[in-house]
Amino acid sequence: MKANKYNFIELIRKQKEEGILYVIETYGGLLYSIVRKRLFTAPDRIEECMNDIFLGIWRNIDSFDEAKGSFESWAAGVARLEAIDALRKLKREFDTVPLEEMEIPQEDPSFEELTGQELSKETEEILACLKPKDQELFRRIFIEEEEPEEAGAALGLRRDNVYVRLFRGKQKIRSKFGERKRA
């Protein structure tokens, strides 16, 4: 069956290659521009990130809900999140490899700052759907890497309440941005 704008999602759900080929052909340019915008300092990582995006779409098509938005928006969200993951991996590598062993292009002196700003902006976008107290809880636990009990105590929350807030906050974020399954 030939893929078109009406049946490509169903083809992907049935694990038919024609569906993902249609996505690559139709939405590849959009997804590439999203990735290139975030990984401009690491052009060698763009192709790998694009592969991860298409694999993510292939594996997680069941999390796409037409009632919540268009496929284009959902795929763009997948691309944005994969690019952020690629930035995080790159940042970890950047932090762990001694500078003497790295080949640093001319524009890289500001790389860490730009990466941090981009991650910070994306994180704030994601956390914006939560209440201020929950945002602070998520920052303390997932960004500052505090223990949940410690973060809860600082915010005047009981241990049980911390875990309930984390669970509900994760659910809210997943419902807004779509849950991604990891391989």
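Relevant structure appears above.
Small disclaimer: the values here were computed from a predicted structure and weren't measured.

1. Overview of the overall build of the protein chain
Next, step 1: Within the protein chain, the regular secondary structure consists of eight helices and zero strands.
Next, step 2: Taken from N to C terminus, the helices and strands of the protein chain fall in the order α-α-α-α-α-α-α-α.
Next, step 3: The 183 residues of the protein chain split such that 41% are buried.
Next, step 4: Taking the intrachain contacts of the protein chain between residues at least 6 apart in sequence as the baseline, contacts between residues at least 24 apart amount to 58%.

2. Here we look at the packing of aromatic side chains
Next, step 1: Taken as a whole and judged by the stated rule, the model has eight aromatic pairs.
Next, step 2: With centroids separated by 5.6 Å and ring planes inclined at 85°, the aromatic side chains of F64 and F71 adopt a geometry described as edge-to-face. Taken individually, F64 and F71 each receive the classification buried, so the pair is uniform in this respect.

3. With respect to the packing of helix 6 (residues 132-143) against helix 8 (residues 159-177)
In a packed pair of helices, the relevant descriptors are the angle between the two axes and the axis-to-axis distance.
Next, step 1: Contact geometry of helix 6 with helix 8 gives a least axis separation of 10 Å together with a crossing angle of 100°. In this view, helix 6 runs roughly perpendicular relative to helix 8, as classed from their interaxial angle. Along its contact with helix 6, which presents K133, D134, L137, F138, I141 and F142, the element helix 8 presents V162, R165, L166, G169, K170 and I173.

4. With respect to the nonpolar core
Soluble globular proteins: nonpolar side chains tend toward being buried together.
Next, step 1: Core analysis: the biggest nonpolar cluster contains 30 residues, and F8, V23, L31, V35, I53, I57 and F71 have the highest contact counts within it.
Next, step 2: Listed by contribution, the elements that provide at least two residues to this core are helix 1 (8-13), helix 2 (17-38), helix 3 (46-60) and helix 4 (71-96).
Next, step 3: With nine residues, the top contributor of residues to this core is helix 4.
Next, step 4: Among all residues touching V35, those that are not within four sequence positions of it are I46, C49, M50, I53, A79 and A83.
Next, step 5: Membership of the second largest hydrophobic core comes to 13 residues, among which are C129, F138, A151 and V162.

5. Regarding the pattern of salt bridges
Next, step 1: Scanning the model with the defined rule gives nine salt bridges in all.
Next, step 2: Among the ionic pairs, R88 bridges to D85, the shortest N-O distance being 3.4 Å. Here D85 and R88 lie together in helix 4, a separation of three residues that amounts to about one turn.
Next, step 3: For D85, a relative accessible area of 13% gives the class buried.
Next, step 4: Each of the salt bridges in this network shares a partner with another, and the network as a whole consists of E124, E136, R139, R140 and E146.

6. Points about the side chain of Q135
Next, step 1: Among the structural elements, Q135 can be located in helix 6.
Next, step 2: If we ignore the near neighbours within four places in the chain, the residues touching Q135 are L127, A128 and L130.

7. Notes on helix 8
Next, step 1: Here helix 8 spans 27 Å end to end across 19 residues, near enough to the 27 Å set by a 1.5 Å rise per residue.
Next, step 2: By the burial criterion, the buried members of helix 8 are V162, L166, G169, I173 and F177. Projected down its long axis, helix 8 shows its buried positions confined to an angular sector of 70°, all on one face. The exposed residues of helix 8 that point more than 90 degrees off its buried face are F167 and R168.
Next, step 3: Positive backbone phi, at 85°, marks G178, one or two positions downstream of helix 8.

8. Examining the packing of helix 2 against helix 3
Next, step 1: Remark: helix 2 packs on helix 3, axes separated minimally by 10 Å, with the N-to-C direction vectors making an angle of 135°. Accordingly, the angle class assigned to the pair helix 2 and helix 3 is oblique. For the crossing formed where helix 2 meets helix 3, the hand is right-handed. Contact with helix 2, carried on its side by E17, I20, V23, I24, G28, L31, Y32, V35 and R36, involves I46, C49, M50, I53, F54, I57 and W58 of helix 3 and no other residues of that element.
Next, step 2: When grouped by side-chain class, the residues that make up the contact of helix 2 with helix 3 number 13 nonpolar, one polar and two charged.

The rules behind each value
Residues numbered from 1 in each chain as written. Predicted model: local features only at pLDDT ≥ 70, side-chain atom pairs only at ≥ 80, totals over all residues. Heavy atoms only, no water. Helix = DSSP H or I, 4+ residues; strand = E, 2+ residues; numbered from the N terminus. Buried < 20%, exposed > 50% of the residue type's maximum accessible area, 1.4 Å probe, protein only. Contact = heavy atoms within 4.5 Å. Phe/Tyr/Trp six-rings, centres within 6.5 Å; stacked < 30°, edge-to-face > 60°. Axes fitted to C-alpha atoms, helices over the stretch in contact; angles between N-to-C directions. Parallel < 35°, antiparallel > 145°, perpendicular 65-115°, else oblique. Core = buried A, V, L, I, M, F, W, Y, C linked by side-chain atoms within 4.5 Å. Salt bridge = Lys/Arg side-chain N within 4 Å of Asp/Glu carboxyl O. Expected span 1.5 Å × (residues − 1). Arc of directions from axis to C-beta. Left-handed = near helix turned anticlockwise from the far one by under 90°. Nonpolar A, V, L, I, M, F, W, Y, C, P; charged D, E, K, R; others polar.

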